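Report on the structure
Next come the chains, spelled out residue by residue.
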Amino acid sequence: NIHFWPLRRVPRQSEYCFAQGCGVGHLLAGEERFRVFWSDDDDMVWYEILSVSKPAHFLARLARPIVENRQKKFQVESAASLTRALAKHDV
């Protein structure tokens, strides 16, 4: 099951945020949140990924170091992908 939270506005910021959670039977229990926002305090656009998870299966417990490494790698690759996409559009 994937759950999405809608666009929301925060005072003095423009923000887009969505999250997804792990469904029943998944090796991990948790969720990921992706957030892009512009802060008029410093006129910067920020990209944030928050991942909260714990093993929900014994195999995930055994592979915890690998799982954590893959999560960190995804965060780096995701930020790089967003940077490339923005560069193409000359924003």
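Scroll up to find the structure.
The backbone phi angle of Asp43 is positive, close to 55 degrees, even though this residue is not glycine. Looking at the secondary structure, you find Asp43 in the loop between β2 (28-39) and β3 (44-55).

This part takes up the pairing of β2. Remember that side chains alternate between the two faces of the sheet whenever the strand is regular. Strand direction decides the pairing type here: β2 and β3, joined by twelve bridges, are antiparallel. In the strand pairing of β3, Arg35 is matched with Glu48. Between β2 and the antiparallel strand that follows it, β3, lie four residues; Asp43 among them carries a positive phi value of about 55 degrees.

On to the packing of aromatic side chains. Applying the stated criterion across every chain, the model contains three aromatic pairs. Considering the side-chain rings of Phe18 and Phe34, the 5.1 Å spacing of their centres and the 20 degrees angle between planes classify their relative orientation as stacked. Here Phe34 lies in strand β2 and Phe18 lies in strand β1 (residues 13-21), a separation of 16 residues in the sequence. Owing to a relative accessible area of 10%, Phe34 belongs among the buried residues under this scheme. Judged by centre distance (6.1 Å) and plane angle (85 degrees), the rings of Phe34 and Phe74 are edge-to-face. Taken together, the residues span a long stretch of sequence, with Phe34 in strand β2 and Phe74 in helix α2 (residues 64-88) at a distance of 40 residues. Grouped by ring-pair contacts, the aromatic residues Tyr16, Phe18, Phe34 and Phe74 constitute a single cluster. The cationic tip of Arg35 hangs over the ring face of Phe37; the distance from NZ or CZ to the ring centre is 3.9 Å.

If you add up the space inside the largest pocket, you get close to 280 Å³. Around the largest pocket, the lining is made up of 17 residues, and of these Cys22, His26, Leu28, Glu32 and Gln71 lie nearest the centre. Residue assignment for the lining of the largest pocket shows that the elements contributing at least two residues are β1, β2, β3 and α2. Split into classes, the residues belonging to the lining of the largest pocket amount to seven nonpolar, eight polar and two charged. There is about 170 Å³ of room inside the second largest pocket. What lines the second largest pocket is a set of 13 residues, among which Ser53, Arg64, Val67, Glu68 and Gln71 lie closest to the centre. Elements represented by at least two residues in the lining of the second largest pocket include exactly β3 and α2. Broken down by element, the residue count for the lining of the second largest pocket peaks at six residues, all from α2. Taken together, the residues of the lining of the second largest pocket sort by class into five nonpolar, four polar and four charged.

Rules of the game
Residues numbered from 1 in each chain as written. Predicted model: local features only at pLDDT ≥ 70, side-chain atom pairs only at ≥ 80, totals over all residues. Heavy atoms only, no water. Helix = DSSP H or I, 4+ residues; strand = E, 2+ residues; numbered from the N terminus. Pairing = 2+ DSSP bridges. Phe/Tyr/Trp six-rings, centres within 6.5 Å; stacked < 30°, edge-to-face > 60°. Buried < 20%, exposed > 50% of the residue type's maximum accessible area, 1.4 Å probe, protein only. Lys NZ or Arg CZ within 6 Å of the ring centre and 35° of its normal. 1 Å grid on protein atoms, 1.4 Å probe; cavity = no way out; pocket = protein on both sides within 12 Å on 5 of 7 lines; lining within 4 Å. Points joined across faces, edges and corners; volume = space filled by probe spheres on them. Nonpolar A, V, L, I, M, F, W, Y, C, P; charged D, E, K, R; others polar.

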